[in-house]
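Residue-level structure breakdown
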Amino acid sequence: MKLILFNSDSKLKTSFKNYIKEWEKEIPKPNEDYYKMYSMFLDNYEASIEQFLNASTSKRLENDEPFVKFYWLVDSSLNIVGTIRYRINIPALYGNVGYEISPKHRHKGFGKKMLIQLKKELKINGTNSLIATVRKENNHSIKLLESQGAIRKGTVSSEDLTETLLKFELNF
């Protein structure tokens, strides 16, 4: 398994589209409709990749705009099993890391592998901590973060104020 930065290389196009389609059958949790989040790639892959890559330009950092780096977690056959995002210049409400594992690949340790690889990548670039916000009933994500040494730092309300999220800090 390895992390690959989102890119316009067409060799992952079919894999990403398959990953998105896996979410179509899932009943989304509040603020976690990954099919809706990624479905634009099904209609216009190239333009959607470009839009996501534009959220990762250094010019956004210079302008104090939100900056997001998107990664795919891929297996040795280049099948995408998960995605993870690292965000800078975001409202305090959000964590600066977000991730998901495709429904058919859950409970196999891929979330842990993805988080460990992201921490290594960030540490190389001088970052030594992450903030994550998690729905309080998302026990798998809570266990993942705690297994990596994350410490609960309180709660925040979701953007639409419909739920309380747990806030974790992970130093490395």
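All right, on to the packing of helix H6 (residues 110-124) against helix H7 (residues 139-147) then. Remark: H6 packs on H7, axes separated minimally by 10 Å, with the N-to-C direction vectors making an angle of 45 degrees. Here H6 lies oblique to H7, going by the angle between them. Read as a crossing pair, H6 and H7 show a hand that is right-handed. On H7, the residues touching Gly111, Lys112 and Leu115 of H6 are Leu144, Leu145 and Ser147.

In this structure, Ile84, Leu118 and Leu145 are the most contacted members of the largest nonpolar core, which totals 24 residues. The set of elements that each furnish at least two residues to this core consists of strand E2 (67-74), strand E3 (80-88), strand E4 (97-101), H6, strand E5 (129-135), H7 and strand E7 (164-171). The element that contributes the greatest number of residues to this core is H6, accounting for five residues. Apart from residues no more than four positions distant in its own chain, Ile84 is found in contact with Leu3, Lys69, Phe70, Tyr71, Val97, Gly98, Tyr99, Met114, Leu115 and Leu118. Grouped together as the second largest cluster of nonpolar side chains are 19 residues, Phe6, Ile49, Ala55 and Ile80 included.

Here we come to the pairing of E3. Taking burial as the measure, the nine residues of E3 include eight buried ones, the bulk of the element. Alignment of E2 against E3, held across eight bridges, turns out to be antiparallel. If you follow Lys69 over to E3, its bridge partner there is Tyr86. Counted along the chain from E2 to the antiparallel partner E3, the turn is five residues long, and its residue Leu78 has a positive phi close to 65 degrees.

Quick look at the sheet that holds E3 now. The four strands are arranged E1-E2-E3-E4 in an open sheet whose pairing can be described as antiparallel. Unpaired on one side and paired on the other, strand E1 (2-5) and E4 mark the two borders of the sheet. Neighbour-to-neighbour, the strand axes of the sheet open up by a mean angle of 25 degrees, direction not taken into account. Of the strand pairs in this sheet, E1 and E2 are connected by four bridges, and their pairing is antiparallel.

Once that is clear, we can look at the packing of aromatic side chains. Enumeration according to the criterion identifies 16 aromatic pairs in this entry. With 5.9 Å between their ring centres and 15 degrees between their planes, Phe16 and Tyr19 make a pair best called stacked. Of the two residues, Phe16 and Tyr19 are both situated in helix H1 (residues 13-24); the distance of three residues between them amounts to about one turn of the helix. Its relative accessible area of 0% is what places Tyr19 among the buried residues. Measuring from centroid to centroid gives 4.9 Å for Phe16 and Phe41, while their planes differ by 80 degrees, and the two rings are edge-to-face. A residue pair is termed long-range when its members are at least 10 positions apart, and Phe16 in helix H1 and Phe41 in helix H3 (residues 40-43) qualify at 25 residues. Three or more aromatic residues joined by ring pairs form one cluster here, namely Phe6, Phe16, Tyr19, Trp23, Tyr34, Tyr38, Phe41, Tyr45, Phe52, Phe70 and Trp72.

Here is what the cut-offs are and how they apply
Residues numbered from 1 in each chain as written. Predicted model: local features only at pLDDT ≥ 70, side-chain atom pairs only at ≥ 80, totals over all residues. Heavy atoms only, no water. Axes fitted to C-alpha atoms, helices over the stretch in contact; angles between N-to-C directions. Helix = DSSP H or I, 4+ residues; strand = E, 2+ residues; numbered from the N terminus. Parallel < 35°, antiparallel > 145°, perpendicular 65-115°, else oblique. Left-handed = near helix turned anticlockwise from the far one by under 90°. Contact = heavy atoms within 4.5 Å. Core = buried A, V, L, I, M, F, W, Y, C linked by side-chain atoms within 4.5 Å. Buried < 20%, exposed > 50% of the residue type's maximum accessible area, 1.4 Å probe, protein only. Pairing = 2+ DSSP bridges. Phe/Tyr/Trp six-rings, centres within 6.5 Å; stacked < 30°, edge-to-face > 60°.

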